[in-house]
Each structure stands twice: as C-alpha cells, then as structure tokens.
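# Descriptive analysis of the structure
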Amino acid sequence: HETAQEVAKYVDAVGDLLGAGGASWEGFGSGQEAQAIEDLYFALRGVLDQVLPEDLRNDETYKLVIGTLDGVIYSLSETVLDFQRQIVEGTVCWKVQEARTKRRPNVCPEGFYWNGEQLCLPKPTQEPEELLQEAHRAGTAGGLERAVAGKVDGSASGKQPIPDGAMVALCEETGNYTEKIGHWCYAACPAGMASVGLQCKTQCQGEFPADDGAIMCGHNPGVLAEAVMNMVIGVATGAINSGLLIASMAKDGVDTDSLVNTIQAFVNMGKPFAYQTCPLPGR
C-alpha cells in the first residue's frame, strides 16, 4: 500500500510538470516569456515539494537556494517589463556596426584572363600542347599560371612568384562592388548606414537624428548626455550596493534576502543600457 502511494505521488508530480510545461510553451508562443518562466518555475517548485524527502527540504542550503530563486523569479515579470518599457520608450538607440561585404577583383583588360584571385594574366599565344611541354620541362604540374610564372618580385625575398606580364585585377565600375581597398572590392553600405573603413555604421537620422559621435543616436543632444549620465550613475550605484551586500554576507553570513538583493543590484546595473538598436530603412 505504501509503495502504491509513492508511485501515485511520482505519477501525479510528473503529470503536473508536463501540464506546466505545456502551459509555459503557450506563454512563449504568445510572447509572454517572463510569465511562462514564472509559471514553469513555480510548477517545478511544487513538484519538488511533493517528491523530495522532508529532511532535504528542511536542509539549510536547499532552503537558501530555493528562497533566492523564489525571490528572483517572483520579480522576473516586473524586471522584464521594466527593460521592455525602457527599450520601447527610449529616446536614444544603439548604432549598428557590421562588416562590409567584399569579393575579389575580377575585371581584366582585353587580352588577359582572371586567375581567380587578384591578378590578370596574359592569354596564352602558344598551343596547349606546347604549354604542357614547357610546364613539364620547368618541373611543374600546376598548369597555365605556373608555366608563365618565372619572375620573383625582388623587393622582398619572401613574396610569392609574380607571373610575367601580370596585371592587378580591377573592381567593376558599375554594380555593387566598386570600391577597391587592398586586394578586395567592397560593396556600398546598406541604406541608413555609412562606410567607416571596412565597416558599415548607422547614420543618425529620422526619429534619432542626434549623433554622439561614437555608438549612440538620440532625439536630441540632451537625451544623449542624460543616457550616458544614467549609465555612469547606474553602474557606480550598483557596484557600491553589491559591494556592500557582499561584504555584509562575508561578515554576517549568507541569507536569502542578501542574495536576492545582490542579484537585483546587478540587474539594476544593466537597466540604463536597455535601449533598442537604431532602426534601419527596410529592416
């Protein structure tokens, strides 16, 4: 009889957990992620209370860990809403920076062909059979390019051999990849972004026309200065609070409230940075 009760207890616990899992997936699907996490966590807590032995549930370490998680998860929805509200209502945004797309130059003048990398080589005037014989005599089996290669750039002994009569390939004059930098052709940056060397970076415009000259855009210069000040104050305050809490725990011992407050101090340090990335046309 006792064994049957234990089995029934575990079966009920598994059923509760599966039901909570299904409900949480619905929450994730409807965009209520924070609430879904809370529901799943507290369902798991209920299952643990059912199946764990009483002596383990009364263990001080277990109670400390669970109490801390309870405090953090309980305020999760509020924390997520605070971050979402600041992102939506924010008067500044983070610039987007990404690498420019590139490809090898492949435009060659008449009488030359592209070698697949960065050079234009003279088209052969010999018959293919003569070229193969010449390559064989030179002790190479690399094909046409090695047959015509025989000169080494004398400016540095470590450079690769440069074929006779070779020319540097050019970028296309029209199309996307028109700007040559080094041995690559780079495409223009997407709309709303400007090229900064080999990178594309957001141009401040539209709703966020003010530029801080670094990594943010804003409605006006005043809100940019305010955002930076809030970041500095938020990090400094959070560092002081967390430091005091950690020092207190080191002196008086660890308790649930101290752990929850320490975690919250670190969360609060991140809030001043919660802004959207600057919108780009067509994205």
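For the structure, check the block above.
Note that the structure is predicted; figures quoted are calculated from it, not measured. Residue positions within a chain follow its written sequence, with the count starting from 1. At least 70 in pLDDT is required for a residue's local features to be given in this predicted model, at least 80 for side-chain atom pairs to be given and counted, and no such filter applies to totals for whole chains, interfaces and linings, which use all residues. For side-chain calculations, the full set of non-hydrogen atoms in the structure is used, while hydrogens and water are omitted.

### Topic: the overall build of the chain
Looking only at helices and strands, the chain features 9 helices and 14 strands. Going through the 283 residues of the chain one by one, you find that 25% of them count as buried. When checking whether two residues touch, look at their non-hydrogen atoms; a contact exists if any pair is within 4.5 Å. Sequence separation of 24 or more characterises 61% of the internal contacts of the chain that already satisfy a separation of 6 or more. Only carbon and sulfur atoms are counted for the fraction: they give 58% of the accessible area of the chain, which is about 17,900 Å². Helix and strand assignments come from DSSP, with helices taken as H or I runs of at least 4 residues and strands as E runs of at least 2, each series counted from the N terminus. Burial classification: accessible surface area is computed with a 1.4 Å probe over protein chains only, and a residue below 20% of its type maximum counts as buried, one above 50% as exposed, and the rest as partly exposed. Shrake-Rupley sampling with a 1.4 Å probe provides the accessible areas, and residues are treated as covered by the protein chains on show and by no other component.

### Focus: the state of the cysteines
Covalently bonding the sulfur atom of one cysteine to the sulfur atom of another cysteine gives a disulfide. Our working definition of a disulfide is a cysteine sulfur pair at a distance within 2.5 Å. One pass over the full model with this rule turns up 5 disulfides. Cys-93 shares a disulfide with Cys-278; S-S distance 2.0 Å. Between Cys-93 and Cys-278, the S-S torsion sits near 90 degrees, and that sign places the bridge as right-handed. Highlighted residues: Cys-93 in strand E1 (residues 92–94) and Cys-278 in the segment after helix H9 (256–270), separated in sequence by 185 residues. One exposure class covers both Cys-93 and Cys-278, and it is buried. Between the sulfur of Cys-204 and that of Cys-217 lies a disulfide, 1.9 Å long from S to S. Its S-S torsion of approximately -75 degrees makes the covalent link between Cys-204 and Cys-217 left-handed.

### With respect to the pairing of strand E10 (residues 184–187)
Of the pairings in the sheet, the one linking strand E3 (residues 102–103) to E10 comprises 2 bridges and is antiparallel in character. Pairing of Arg-103 across the sheet is with Cys-185, part of E10. The pairing criterion for strands is at least two bridges between them, as found by DSSP. Of the strand pairs in this sheet, strand E9 (residues 177–181) and E10 are connected by 4 bridges, and their pairing is antiparallel. Bridge assignment links Lys-180 to a residue of E10, and that residue is Cys-185. Counting the residues between successive antiparallel strands, the hairpin from E9 to E10 contains 2 residues, one of them, Gly-182, with a positive phi of roughly 65 degrees.

### Comments concerning the sheet that holds strand E11 (residues 193–196)
The 3 strands lie next to each other as E2-E12-E11, forming an open sheet whose pairing is antiparallel. Each edge of the open sheet carries a strand with a single partner, namely strand E2 (97–99) and E11. Across the sheet, the axes of successive neighbouring strands diverge by a mean angle of 30 degrees, strand direction being ignored. Bridge count between E2 and strand E12 (residues 199–202): 3 bridges; the pairing is antiparallel. Bridge pairing in E12 links Glu-98 to Cys-200. For helices, the fitted axis covers only the stretch in contact; all axes are lines through C-alpha atoms, and the angles between them, taken along N-to-C directions, range from 0 to 180 degrees.

### A word on the environment of Thr-256
On the secondary structure map, Thr-256 appears in helix H9. On the accessibility criterion, Thr-256 (25% relative accessible area) is partly exposed. As for Thr-256 and Gly-67, which are separated by 189 residues in sequence, their C-alpha atoms are 5.8 Å apart.

### Here's the deal with the packing of aromatic side chains
Each aromatic ring pair is described using two quantities: the centre-to-centre distance and the angle formed by the ring planes. Centre distance within 6.5 Å is the pairing criterion for rings of Phe, Tyr and Trp, where only the six-membered ring of Trp is used; planes under 30 degrees apart are then read as stacked, over 60 as edge-to-face, and the remainder as tilted. Across all of its chains, the model carries 0 aromatic pairs by this definition. Directly above the aromatic system of Trp-184 lies the positively charged group of Lys-102, at a separation of 4.3 Å from the ring centroid. One Lys or Arg, Arg-104, reaches over the ring of Trp-184 and ends 4.0 Å from the middle of that ring. The rule is short: NZ of Lys or CZ of Arg within 6 Å of the ring centre and within 35 degrees of the ring normal puts a charge over the ring.

### Some remarks on the sheet that holds E1
In spatial order, the strands read E1-E14-E13; together these 3 strands make up an open sheet with antiparallel pairing. Taken across any chain shown, the strands that pair with only one partner, and hence form the sheet edges, are E1 and strand E13 (210–211). Looking at chain direction, E13 and strand E14 (residues 216–218) are connected through 2 bridges and run antiparallel. Bridged to Asp-211 within E14 is Cys-217. The strands touched by helix H8 (residues 221–252) are E1, E13 and E14; relative to E14, the strand with the most contacts, the crossing angle is about 130 degrees.

So, to be careful, I would describe these as geometric facts and stop short of saying anything about function.
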